[in-house]
Each structure stands twice: as C-alpha cells, then as structure tokens.
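Survey of secondary and tertiary structure
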Amino acid sequence: GGIITQTPKFLIGQEGQKLTLKCQQNFNHDTMYWYRQDSGKGLRLIYYSITENDLQKGDLSEGYDASREKKSSFSLTVTSAQKNEMAVFLCASSLLGGHAEQFFGPGTRLTVL
Amino acid sequence: GEQVEQLPSILRVQERSSASINCTYENSASNYFPWYKQEPGENPKLIIDIRSNMERKQIQGLIVLLDKKAKRFSLHITDTQPADSAMYFCAASEGNAYKVIFGKGTHLHVLP
C-alpha cells in the first residue's frame, strides 16, 4: 500500500497573499492531480501532471500555479488569495491516469481572512 | 467543458431500504466510470467502478448499471445501513486519457 500526505492540514491566509500547498505520494504513481472542493460543487480539477516536470491545466487553473518537482511531489500555489475564500484542496494520484482509481490525500482546508 | 450531471443532490432513505443515484455524461468516448464515497472529514475513496465493456457490476450490496446508448450510469445501494450515510460522487473519464469529470455529489442520509 501507499499513502498521500498533504501539508499543511489547515491554511489561513490574508487577502492577496501567495499561498503554497504541498502533496507527497509514495505509490510511485505517474499521474497526480489537484482538485478544489466547495460545498455543493463537487470536485473541480485545477491542475494535473502526467509525469515529473509535466503540468496540465484543468478547468479551474486561473489564479493557481503548480509545480511537479519530482515524481513523488506536486505543489499548488494560490497566486493571490481571495477575501472570504474557503475551500478544501485535495491532492490525488493514479497509476493509470483517468482509467483507474485515484487515491486522495486528506486535504488542505483554506480560509482567507 | 464537459459535464457529468448527478442527481439527486440530497437523498434520504430508511434503513434497510434501497438508495439510487443517477448520473449522465456527455462524451460518447468515456469508457471508465468510478464511484467514490466521502465520509465527513475524510477523503473520497473508490467503492466501485465499471468500464464500458460491461453493463452491470455488483460488489456485495453495491450495484452499478451502465447504459452507453443513453450515456447514463447509476449506483444502487441495497439494504442500506446508517454507515452508508456519506457523500457519493460519480465520475466519467474524458476523451483525454488522464482526466475524469466528477459529478457534484449526492448527500445520502440513511435514517434509523
């Protein structure tokens, strides 16, 4: 088995601040994902990465940057936090991309004051 | 972008009855349809999936049906228990080999 870890678990930021969320997996999966989860809106894809150093935009990429420094890690940056923003950011990985199970991390809960 | 519609958004059933969640998708090239369960405070976990070469799949009390002509798939939970109370998400693979599109979720409440 493997595990996905996300840091931090809770993130509180100020409006306009640049915030970075980190994700690590030890499944040795090639494909990794960042999703945003808002109440009533399901899981929306922000960025995904097919392999190390690859980046692909999802439907919600505006306002975010991502970095796949190595196969096991995938970072997400909120470039300018929006006031009163609250959401959970979920990292996931998959062995076979969109045709196999995605394993999710525990999430980072963002609050912007 | 492509959509996966999921209904209902909230579902309340009595313990030991059945619960059904329905999803529709747009892309006729979609060929993988997973279902995830998310319990409060937890991350989503795969509970069952079906590929386009099948019309029906069952794992214990979970049944998934796929109608490719109608671009519709559904999850049926038989003999529900309070432990089945959770958020359920359907998803469909996109034409792109790496992405799935998630539905907005169904909040299932199993009442004792």
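One can find the structure itself at the top, above this paragraph.
Since the structure is predicted, the reported quantities are computational estimates derived from the model, not experimental observations.

With 18 residues of chain B at the contact, the number on the chain A side is 22 residues. Interface area for chain B against chain A, summed over the two sides, is near 1800 Å², with a carbon-plus-sulfur share of 55%. For the chain B face of the interface with chain A, the top three residues by lost area are Y98, K99 and F102 of chain B, together amounting to 31%. One can count zero salt bridges joining chain B with chain A. For the side of chain B that touches chain A, the element with the highest residue contribution is strand β4 (residues 32-38) of chain B, accounting for three residues. In the side of chain B that touches chain A, the residues fall into nine nonpolar, six polar and three charged.

Turning to the state of the cysteines, a few remarks are in order. Scanning the model with the defined rule gives two disulfides over all chains in all. The partner cysteine of C23 of chain A in its disulfide is C91 of chain A, sulfur to sulfur 1.9 Å. Looking along the S-S bond of the C23 of chain A-C91 of chain A disulfide, the torsion reads about -75°, which is the left-handed sense. Taken together, the positions of C23 of chain A in strand β3 (residues 19-25) and C91 of chain A in strand β9 (residues 86-94) put the pair 68 residues apart, joining distant regions of the chain. Each member of the pair, C23 of chain A as well as C91 of chain A, carries the same accessibility label: buried. In this model C23 of chain B forms its disulfide with C90 of chain B; the gap between the sulfur atoms is 2.0 Å. Residues C23 of chain B and C90 of chain B are joined by a disulfide whose S-S torsion is about -105°; by sign, that bridge is left-handed. In this pair, C23 of chain B is assigned in strand β3 (residues 19-25) and C90 of chain B in strand β9 (residues 86-93), connecting sequence segments 67 residues apart. Just as C23 of chain B is buried, C90 of chain B falls in that class too.

What counts and how
- Residues numbered from 1 in each chain as written.
- Chains lettered and ligands numbered in written order.
- Predicted model: local features only at pLDDT ≥ 70, side-chain atom pairs only at ≥ 80, totals over all residues.
- Heavy atoms only, no water.
- Contact = heavy atoms within 4.5 Å.
- Buried area = accessible area lost by both parts, 1.4 Å probe.
- Salt bridge = Lys/Arg side-chain N within 4 Å of Asp/Glu carboxyl O.
- Helix = DSSP H or I, 4+ residues; strand = E, 2+ residues; numbered from the N terminus.
- Nonpolar A, V, L, I, M, F, W, Y, C, P; charged D, E, K, R; others polar.
- Disulfide = S-S within 2.5 Å.
- Buried < 20%, exposed > 50% of the residue type's maximum accessible area, 1.4 Å probe, protein only.

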